[in-house]
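Structure at a glance
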Amino acid sequence: MTLTNRLQKRNKSDTVLSQHDRPDEHNDKERTHDRHDTNGEVEKKAKALGRQARNEERRFYTMRRFLFPLGLILGLLLGYIFVQPSDFQDFQTHLALLMDEFEITMPEFPTLDLPQLDLSHVETEWRKLWSNIPEPWKLNTNGLEFTVGEKMAERGLTAKHPVILVPGIISTGLESWSTSPDYRAFFRKKVWGGFSMISQVTFNRDKWIAAVMLDPITGLDPPGAKVRAAEGIDAASSFIQGYWLWSKIVENLAVVNYDTNNLHLAPYDWRLSYYNLEERDGYFSKLRATIEGFVLKWVESPEHGKGGPDWVENHIEAFISIAGTHLVQAKAMAAFLSGEMKDTVQINPAGAYVLERFFSRKERQKLFRSWAGSASMWIKGGDDVWGNATWAPDDHANTTHSHGALIAFREGSPALDGRASASSGEESDDGLFNMTSSEAGTWILERTPVSFQKMMASNYSFGIERDEEKLKANNVDFTKWSNPLEIQLPYAPSMKMYCVYGHGKETERSYWYTQREYEHDEVQPDTPSAICTDDGTPNTAGAGAGCTSARTPLDLPLARATHIDADFTDEGARPRIVNGVKMGEGDGTVSLLSLGAMCVEGWRRPRWNPAGIKVTTVELPHNPVATIPRGGGTTSDHVDVLGSLALNEIILKVATGAGDEVRDSFVSDIREYAKRIKWD
């Protein structure tokens, strides 16, 4: 045996003897080792149980294994909806332009001869797939295209009167014409409407906001920006590809021989006030020159259009108001106060979080307030039309919370913080109380910048005038023209008026509000030490525009953040309360009072209709088809009604000279509600 082996054997023996001589120490080591093994197994089991519990708590639809394939399916579905077969023809051109815009270059491989993409087979297969899908399931069609026009043509009806289509607010597409370096990325692209808007909002949000926002002092384009209304019939035919607006009406008119010679769409920059529309764009002058005038009061005014009092009688056959916001809508008040409306507070929490992070209340509020044109949506008529704190004309018999309180604060609201309850009729320590439309209007204006208040005072009026002499004087005052309660209809006895709107879809009518955290406010009153750089004369739009006041040394957030009480829902209340919004009757956007009260009662009175113009009112019931996108031909939603069969039939009858066939038709209690309004 070698020496090395002997030493190893001896060491092993010594080790065995040592362990035999110290049995306690050996046992302690074994117990310690066993304890470590046991703790490790316990930790592993605990982690496994924790993972299992977390997986059980998470819903299957929150897991990546579900979300990833869902995203792929939705992407393919959207691509199918919006990509037309003809789009493949220009795919390579669009790809090249996109790469050039973002300065993307492909590496060159001189030894390789890569073939050009041939998408003809893809286009062919896509066209076959597209043609096999029923029309009602396509988002950009409803399966009813041209049907009304064909029905009228079969009767022998054809184009008789030229037709002018004037889109509603926000319907007209807007495009940028600025060559400033900051806005060249937008040049000749739509900044409102179209996929280019979606792209800019997503990837260039701050510049997009700066482009579409107006100067708060002048109400015109800010320095460097230049946005104008898109032109032609396509300016309001659709909002984005696949989401139609006026295209259904244009299609049916074309069947009865309308084209660009006798059909005109009059797009306009809806962000501007009436006065600035003419000052900046000459909108009304161009419109008169093109179609011999269309805007009634402007054309007749001796200070503006100078067409004379009989111009409308000689040039206008009929006027059709489609879902007209005659007395405007409550949601505009909420938008100006807090940048909110039903659409923003009734989305799910995840969507609300994304919206707030991407486009906050303060940003929406600031944008709305910069658009002087949107201020025309301010509620008109005050408490005489919309009711007082305990009563409203459209309240039902079993009402528990009157719509007359346009803005209310409930008991237990964080706004009151244990103080006096506004809903109990008492005024809280912060001066909060349930507000009627008139009180809410004043309260909202007090919380807006001075520039917004001056813009409102110099462009609009929101009261009700009963004196006929004053009404005649108001006919030449442009600040009154957007308020039907302060001007008279033109003296045109032979002209016909038609009010056509939908009914049967819940509509926001009034609100529960709350206040929470403190914040800095834009409202900064002038102080005795204000520095003024302008020489504006009193009572002019520019007076004081250059005055600024330094903020106080102790610059604390002193204003309470005010917003809709989205935590408050009461399905059992009458009216129903959903996320702080009290629901009423209407077309989903505009309340019934605004849609129909002037048509069935106000314009039936000589005070506002001295010529006795015949006003026909047609209410369309909202009966959407659940299996057709946007409801099909029986919907009467505020926007989707443009594709309604009944509406298209009315328009074609009036345009082809068969307007006498249109009769009053009601599905609501608007006549009863209108009689409750304090007209006298």
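Quick look at the structure, then.

Cut-off values and rules
- Residues numbered from 1 in each chain as written.
- Predicted model: local features only at pLDDT ≥ 70, side-chain atom pairs only at ≥ 80, totals over all residues.
- Heavy atoms only, no water.
- Helix = DSSP H or I, 4+ residues; strand = E, 2+ residues; numbered from the N terminus.
- Buried < 20%, exposed > 50% of the residue type's maximum accessible area, 1.4 Å probe, protein only.
- Contact = heavy atoms within 4.5 Å.
- Areas by Shrake-Rupley, 256 points an atom, 1.4 Å probe, with all protein chains shown as cover.
- Disulfide = S-S within 2.5 Å.
- Pairing = 2+ DSSP bridges.
- Axes fitted to C-alpha atoms, helices over the stretch in contact; angles between N-to-C directions.
- Core = buried A, V, L, I, M, F, W, Y, C linked by side-chain atoms within 4.5 Å.
- Salt bridge = Lys/Arg side-chain N within 4 Å of Asp/Glu carboxyl O.
- Phe/Tyr/Trp six-rings, centres within 6.5 Å; stacked < 30°, edge-to-face > 60°.
- Nonpolar A, V, L, I, M, F, W, Y, C, P; charged D, E, K, R; others polar.
- Arc of directions from axis to C-beta.

This paragraph deals with the overall build of the chain. Scanning the chain from N- to C-terminus turns up 24 helices and 17 strands. Within the chain, the fraction of its 680 residues that count as buried is 45%. Here the contacts in the chain between residues at least 6 apart in sequence split such that 72% fall between residues at least 24 apart. Split by element, the accessible area of the chain, about 36000 Å² in all, is 55% carbon and sulfur.

Moving on: the state of the cysteines. Tallied over the entire structure, the rule returns 1 disulfide. Shown here is the disulfide that connects Cys499 with Cys599, its sulfur atoms set 2.1 Å apart. The sign of the -85° torsion about the S-S bond sets the Cys499-Cys599 disulfide as left-handed. On the criterion of sequence distance, the pair formed by Cys499 in strand 10 (residues 496-503) and Cys599 in helix 22 (residues 592-600) is long-range, its members being 100 residues apart.

The next point concerns the sheet that holds strand 3 (residues 190-192). Spatially, 3-2-4 is the arrangement adopted by the 3 strands of the open sheet, whose pairing is antiparallel. The outermost strands of the open sheet, each flanked by one partner alone, are strand 3 and strand 4 (227-229). Within the sheet, the average angular offset between the axes of one strand and its neighbour, ignoring direction, is 40°.

With that settled, consider the nonpolar core. Within the largest apolar cluster, 95 residues are counted, with the highest numbers of intra-cluster contacts made by Trp208 and Trp603. Among residues more than four places away in sequence, those in contact with Trp603 are His326, Pro484, Leu489, Met497, Cys499, Met598, Trp608, Asn609 and Val615. Counting 32 residues, the second largest nonpolar core, distinct from the first, contains Val148, Leu165, Tyr258 and Val500.

On to the sheet that holds strand 17 (residues 614-621). Pairing within the open sheet is parallel, and its 3 strands lie in the order 8-10-17. A strand with exactly one partner marks an edge of an open sheet, and here the two such strands are strand 8 (318-322) and strand 17. If you compare each strand with its neighbour and ignore which way they point, the axes differ by 15° on average. Alignment of strand 10 against strand 17, held across 8 bridges, turns out to be parallel. Across the sheet, residue Tyr501 finds its bridge partner in strand 17, namely Glu619. Against the sheet, helix 22 makes contact with strand 10 and strand 17, and its axis sits at roughly 150° relative to strand 10, the strand it touches most.

Further remarks concern the environment of Trp481. Tracing the backbone through its elements, the reader meets Trp481 in the loop between helix 21 (468-474) and strand 10. Along the primary structure Trp481 and Tyr460 are separated by 21 residues, whereas in three dimensions their C-alpha atoms are 8.1 Å apart.

With the rule as written, the count across this model stands at 32 salt bridges. Linking Lys472 and Glu469 is a salt bridge whose minimum nitrogen-to-oxygen distance equals 3.9 Å. Of the two residues, Lys472 and Glu469 both sit in helix 21, 3 residues apart, roughly one turn of that helix. For Glu469, a relative accessible area of 55% gives the class exposed.

Glancing now at the packing of aromatic side chains. Ring pairs (aromatic) are described by centroid distance and by the angle formed between their planes. The full count for this structure, using the stated rule, is 20 aromatic pairs. Measuring from ring centre to ring centre gives 6.0 Å for Trp192 and Phe239, while their planes differ by 75°; the resulting arrangement is edge-to-face. Here Trp192, found in strand 3, pairs with Phe239, found in strand 5 (residues 238-240); they are 47 residues apart in sequence, far enough to count as distant. When the ring of Phe336 is compared with that of Trp378, the centres are 5.7 Å apart and the planes differ by 35°; the resulting orientation is tilted. Of the two residues, Phe336 sits in helix 14 (residues 330-338) while Trp378 sits in the loop between helix 17 (361-370) and helix 18 (383-386), which places them 42 residues apart along the sequence. Judged by its relative accessible area of 2%, Phe336 is buried. Members of the aromatic cluster, joined through ring pairs, are Trp192, Phe239, Trp270, Phe368 and Trp371.

Residue Pro575 follows Arg574 across a cis peptide bond; omega there is 5°. Inspection of the secondary structure puts Pro575 in the loop between strand 14 (559-564) and strand 15 (577-578). Backbone geometry places Val328, a non-glycine residue, at a positive phi of 60°. Note on placement: Val328 falls in the loop between strand 8 and helix 14.

Turning next to the packing of helix 14 against helix 17. Think of two packed helices as two axes; the pair is described by the angle between the axes and how far apart they sit. Orientation of helix 14 relative to helix 17, taken along the N-to-C sense of each, is 115°, at an axis distance of 7 Å. Counting all contacts with helix 14, which are made through Ala335, Phe336, Leu337 and Ser338, the residues of helix 17 involved are Arg361, Gln365, Phe368 and Arg369. Residues of the contact of helix 14 with helix 17, tallied by class, amount to 4 nonpolar, 2 polar and 2 charged.

This brings us to helix 20 (residues 450-459). Among the residues of helix 20, those classed as buried are Ser451, Phe452, Met455, Met456 and Asn459. The buried residues of helix 20 occupy an angular sector of 135° when the element is viewed end-on, so they sit on one face. Check the buried side of helix 20 and you find it contacts helix 10 (274-281), helix 14, helix 17 and helix 19 (437-445).

With that settled, consider the environment of Phe568. Tracing the backbone through its elements, the reader meets Phe568 in the loop between strand 14 and strand 15. Residues Phe568 and Val578, spaced 10 residues apart in sequence, show a C-alpha to C-alpha distance of 7.0 Å. When neighbours within four sequence positions are excluded, Phe568 is seen to be in contact with Arg410, Trp512, Ile577, Val578, Asn579 and Gly580.

By themselves, these observations are geometric and do not establish any function.
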